[in-house]
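What follows is the residue order along each chain.
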Amino acid sequence: MSELLQQLIRLDTVNPPGNETAAAELLRDYLAESGVESELYARVPERANLVARLPGSGDGPSLMLLSHTDTVVADAAEWQVDPWSGELRDDEIWGRGALDMKGQVAASAVALATLAREGFEPAGDLVFTAVADEEVGEGFGLPWLCAEHPDAVRTDYALNEGAGERIELLGRPFYLCSSAEKMSSPLRLRVHGRAGHASVPGIADNALVKAVPLIEKLAAYRPELQLGPETSALVEAIAGRPLEAAEALELAREVDPSAAELLEPLLSLTLSPTMISASERRNVIPHLCEVVVDCRLLPGQAQAEVEPLLREVLGEGDYDFEWIEGRGGTRSTIESPLWDAVASFVAETEPDAALLPVSVAGFTDSHWLREAFGTVAYGFFPMRTMDPQLAARLIHSADERIAVDDLELAVRCFRHAAIEVTGSR
Ligand SMILES: [Zn+2]
């Protein structure tokens, strides 16, 4: 297990350029030793995606263990070890991608290989997919597979990255499972004025100054709090009874600040003005000021329904409003055999603990499966040894590493989910 992850880390798959074929070939050879056949699909030869399959004997539900083999860059000067060493130190494996997400790649491959060796015969297909190009998303990875090779990647259920951390709320342990994602929906305001020489402010109409009240209005706006299926279940699990959104947040603030921190961004869209540009010269009053606002919509919320609200908040003015993009924002039901399988794994692992649904603010490849095939996709990589706050800090950062115990826990989890979901009963 550790060895496979170490080998994966030693292959530099920093994206760009990716070079994920090296990882796909390593995985193909590893799986072949256990008699599992893989197919490599590549839009360009050096960026292959791997799909391995234990074919189902009947038409039972199919499950995909999904992960990506590319990583973000690493600056070796900031690290205590070589980021591509895969060094084992204090029961942790160090290196770029250990958490995001070669650890899950390795655990998924080991789960599949061990089941195959034991002669496990699923009723529905058990699929392991290790894709390229998740971190940048230029069309070499899962969206390309869904479009060009849909039969290879269409499954009923999928387990991907996104959550899995163990947290304690009100003194009780919970594991988080992400069943939905907020939509990344940044917007741009172009505020118009009239240029002029800065030494004579009266002759101009300063677009930068006109942008200020608009920014303040967005910053002061408190969108209506709402509960979706994930947050209702989350609140009920924490509070022990159903509550209204505002009431739930109030209670969380009173009893456990970390619960409030978790809950608050899940109850509404968020707006964070992050970038501004105006004049390029100190002595020229800008005729145009551009403000970029990071905006995340709730799962299922549409830009068309939010735009009138935001225009009302901003009021009349000399500006254009435009969405820069809309990415993600899909959800899966939490009433499914896969949910039950993950929940029963948690109950087996830690009887006091419960599984909590969350929607995550970031984008994952789960979106493509939900959108293309209606796949029920969750983010779950169980993590009980490494502190979740430490893990969050290490992802995309220096000294990324994973506890060997968490890797082994994940293998058990994926095996359990595979047997529960695709097994014949
Ligand atoms: Zn990732």
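Going along each chain's sequence as written, the residues are numbered from 1 onward. Per-residue local features of the predicted model are confined to residues with pLDDT of at least 70, and side-chain atom pairs are confined, for both listing and counting, to 80 or more; whole-chain, interface and lining totals are unaffected and use all residues. Hydrogens and water are ignored here; the side-chain numbers use all heavy atoms of the structure.

## Focus: the nonpolar core
Formed by 66 residues in total, the largest nonpolar core has its most connected members in Leu31, Phe128 and Phe380. A helix here means a DSSP run of H or I that spans at least four residues, while a strand means a run of E at least two residues long, and both kinds are numbered starting from the N terminus. If one sorts the elements of this core by residue count, helix 3 (residues 98-117) sits on top with 12 residues. The term nonpolar core refers to a set of buried residues drawn from Ala, Val, Leu, Ile, Met, Phe, Trp, Tyr and Cys, joined through side-chain atoms within 4.5 Å. Three exposure classes are used, based on accessible area relative to the maximum for each residue type with a 1.4 Å probe and protein chains only: buried under 20%, partly exposed in between, and exposed over 50%. Core analysis: the second largest hydrophobic core is formed by 22 residues, Ala207, Leu218, Tyr221 and Leu297 among them.

## A few points about the pairing of strand 11 (residues 187-192)
Taking every second residue as pointing to the same face, the buried face of strand 11 carries Leu187, Leu189 and Val191, while none of Arg188, Arg190 and His192 on the other face is buried. Pairing of strand 11 with strand 15 (residues 288-297) involves six bridges; the strand directions are antiparallel. Within strand 15, the position partnered with Val191 by the bridge is Cys289. When DSSP finds two or more bridges between two strands, those strands count as paired. Judged from the five bridges that link them, strand 11 and strand 16 (residues 319-323) form a sheet pairing that is antiparallel. Bridging from a neighbouring strand, Arg188 pairs with Glu322 of strand 16.

## Re the coordination of the zinc ion
Atoms are scored as donors when they are N, O or S and lie within 2.8 Å of the metal, with 3.2 Å used for Na, K and Ca; no water is included, so coordination may look incomplete. Protein coordination at the zinc ion comes from His68 (NE2), Asp100 (OD), Glu161 (OE) and Glu161 (OE), with a distance range of 1.9 to 2.7 Å. Between the four donor atoms coordinating the zinc ion, the angles at the centre fall across 52 to 145 degrees, so the site counts as irregular. For the zinc ion, the single-chain donor residues occur in sequence as H-x31-D-x60-E. Residue His68 is found in strand 3 (residues 63-68), and its partner Asp100 is found in helix 3; the two are separated by 32 residues along the sequence. Asp100 matches His68 in its accessibility class, with the two residues each being buried. Key to geometry: four donors with every angle between 85 and 135 degrees are tetrahedral; four donors are square planar and six octahedral where opposite donors lie over 155 degrees apart and all remaining angles lie between 65 and 115; all other sites are irregular.

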